[in-house]
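Per-entry structural report
Listed here are the chains, written in short residue letters.
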Amino acid sequence: MLKLNNVHSFYGNIHALKGITLEVMEGEVISLIGANGAGKSTALMTTSGIVPAKRGSVEFKGEDITHMPPDEIVKKGICQVPEGRRIFSYLTVAENLDMGAFLRNDTRKIKTDMDYVYDLFPILAERKNQAGGTLSGGEQQMLAISRALMSHPKVLLLDEPSLGLAPIIVKQIFGIIKKINEEQKTTIFIVEQNANLALKAAHRGYVMENGLISLSDTGENLLANENVKKAYLGI
Ligand SMILES: Nc1ncnc2c1ncn2[C@@H]1O[C@H](COP(=O)(O)OP(=O)(O)O)[C@@H](O)[C@H]1O
Ligand SMILES: [Mg+2]
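Quantities reported herein were computed from a predicted structural model and do not represent experimental measurements.

Calculation criteria
Residues numbered from 1 in each chain as written. Chains lettered and ligands numbered in written order. Predicted model: local features only at pLDDT ≥ 70, side-chain atom pairs only at ≥ 80, totals over all residues. Heavy atoms only, no water. Domains from an automatic or database assignment. Buried area = accessible area lost by both parts, 1.4 Å probe. Salt bridge = Lys/Arg side-chain N within 4 Å of Asp/Glu carboxyl O. Polar contact = N/O pair within 3.5 Å; in protein donor to acceptor, adjacent residues only side chain to side chain. Helix = DSSP H or I, 4+ residues; strand = E, 2+ residues; numbered from the N terminus. Nonpolar A, V, L, I, M, F, W, Y, C, P; charged D, E, K, R; others polar. Buried < 20%, exposed > 50% of the residue type's maximum accessible area, 1.4 Å probe, protein only. Pairing = 2+ DSSP bridges. Contact = heavy atoms within 4.5 Å. Axes fitted to C-alpha atoms, helices over the stretch in contact; angles between N-to-C directions. Near = heavy atom within 4 Å.

Attention shifts here to the domain arrangement of the protein chain. For the protein chain, the domain assignment lists domain 1 (1-77 + 154-235) and domain 2 (86-152). Taken over C-alpha atoms, the centre of domain 1 sits 23 Å from the centre of domain 2. For the domain 1 and domain 2 pair, buried surface summed over both sides reaches about 1200 Å², with 77% attributable to carbon and sulfur atoms. Linking domain 1 with domain 2 are zero salt bridges. Seen at the junction of domain 1 and domain 2, the total is two residue pairs in polar contact (both at pLDDT 80 or more). Among the elements of the structure, helix H2 (70-76), strand S7 (155-159) and helix H7 (167-184) are those that each provide at least two residues to the side of domain 1 that touches domain 2. Looking at side-chain class alone, the side of domain 1 that touches domain 2 contains nine nonpolar, two polar and five charged residues.

The following block contains the structure:
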């Protein structure tokens, strides 16, 4: 469904992606793990066109989207939840969700999707008239994911959904990510430093080091891999 072919990306002179190749199949949950600064966020931003690839290509459903502007890529059905969530603090929970649906005009289906996210995260239903900025970190992450779901994406790109959250909330969020994949058939591409939960939730995973992919395997095999255990799982 999504293919990165020998992708190179830069910030000025900084060579952040040094030729990465990876593939996300329709219906999969893929986790890309790696240390801080490895290039994980850049991989997502290159996919969504925010940091366009200088060399190599990005393909979505067989179409070359390497040089497509970010808004066109969103319209294709690729939706990114950026690191640090970035919800609209002064808008209510319900208004944040409406913003996620702004490209749509299928009013009835929007209502169904809104009911679905309130069902996934009942706390958001309780807080629907509360300003986004007054939510806890975990609730803001739930809102950011829900807002992305309101665009009814084919592929959901999640940048460090666990960042700064308490372990119990992280577990809950990963459980719901799996549920979204299973119930909505949404393809999900996660980048994470929390390798343990990210690999447990994934069908397949990639390990990134210094702008390159160093390993790829099923989530299960990566969790059992001695190098992954030492470098990323602390065991
Ligand atoms: N806006 C930016 N300007 C310059 N360098 C950046 C910028 N964003 C990231 N980088 C650099 O690119 C490399 C990859 O960063 P990033 O993709 O954010 O890594 P990760 O998400 O794995 O922590 C790092 O060396 C980082 O310092
Ligand atoms: Mg990052």
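Next comes the rest of the account.
Time to look at the pattern of salt bridges. This structure, assessed with the given rule, holds 10 salt bridges. Residue Glu28 pairs with Arg204 through a salt bridge whose shortest N-O separation is 2.7 Å. Linking Glu28 in the loop between strand S2 (14-24) and strand S3 (29-34) with Arg204 in strand S9 (residues 204-209), this pair joins segments that are 176 residues apart in sequence. Considered together, Glu28 and Arg204 belong to a single accessibility category, that of buried residues.

Another aspect to go through is the pairing of S9. Looking down a regular strand, the side chains alternate between one sheet face and the other. Across the six residues that make up S9, a large majority, five, are buried. Pairing between S3 and S9: five bridges, direction parallel. Along S9, the bridge assignment pairs Ile30 with Arg204. Pairing geometry for S9 and strand S10 (residues 212-218), over six bridges, is antiparallel. The residue of S10 that forms the bridge with Glu209 is Leu212.

Bringing the sheet that holds strand S4 (residues 55-60) into the picture now. If you trace the four strands from one edge of the open sheet to the other, you get S2-S1-S4-S5, paired in antiparallel fashion. The two strands at the open ends of the sheet, each matched to only one other strand, are S2 and strand S5 (63-64). Packing against the sheet, helix H1 (residues 40-47) makes contact with strand S1 (2-11), S2 and S4, and its axis sits at approximately 110° to S1.

Quick look at the site of ligand 1 now. If you check the shell around ligand 1, you find Tyr11, Ile14, Ala16, Ala35, Asn36, Gly37, Ala38, Gly39, Lys40, Ser41 and Thr42 and nothing else. Interatomic distance of 2.8 Å between a side-chain N/O atom of Lys40 and an oxygen atom of ligand 1. Contact distances for ligand 1 include 2.5 Å between an oxygen atom and a side-chain N or O atom of Thr42. Those elements that place two or more of their residues in the shell around ligand 1 are S2 and H1. Ranked by residue count, the leading element in the shell around ligand 1 is H1, at three residues. Tallied by class, residues from the shell around ligand 1 come to five nonpolar, five polar and one charged.

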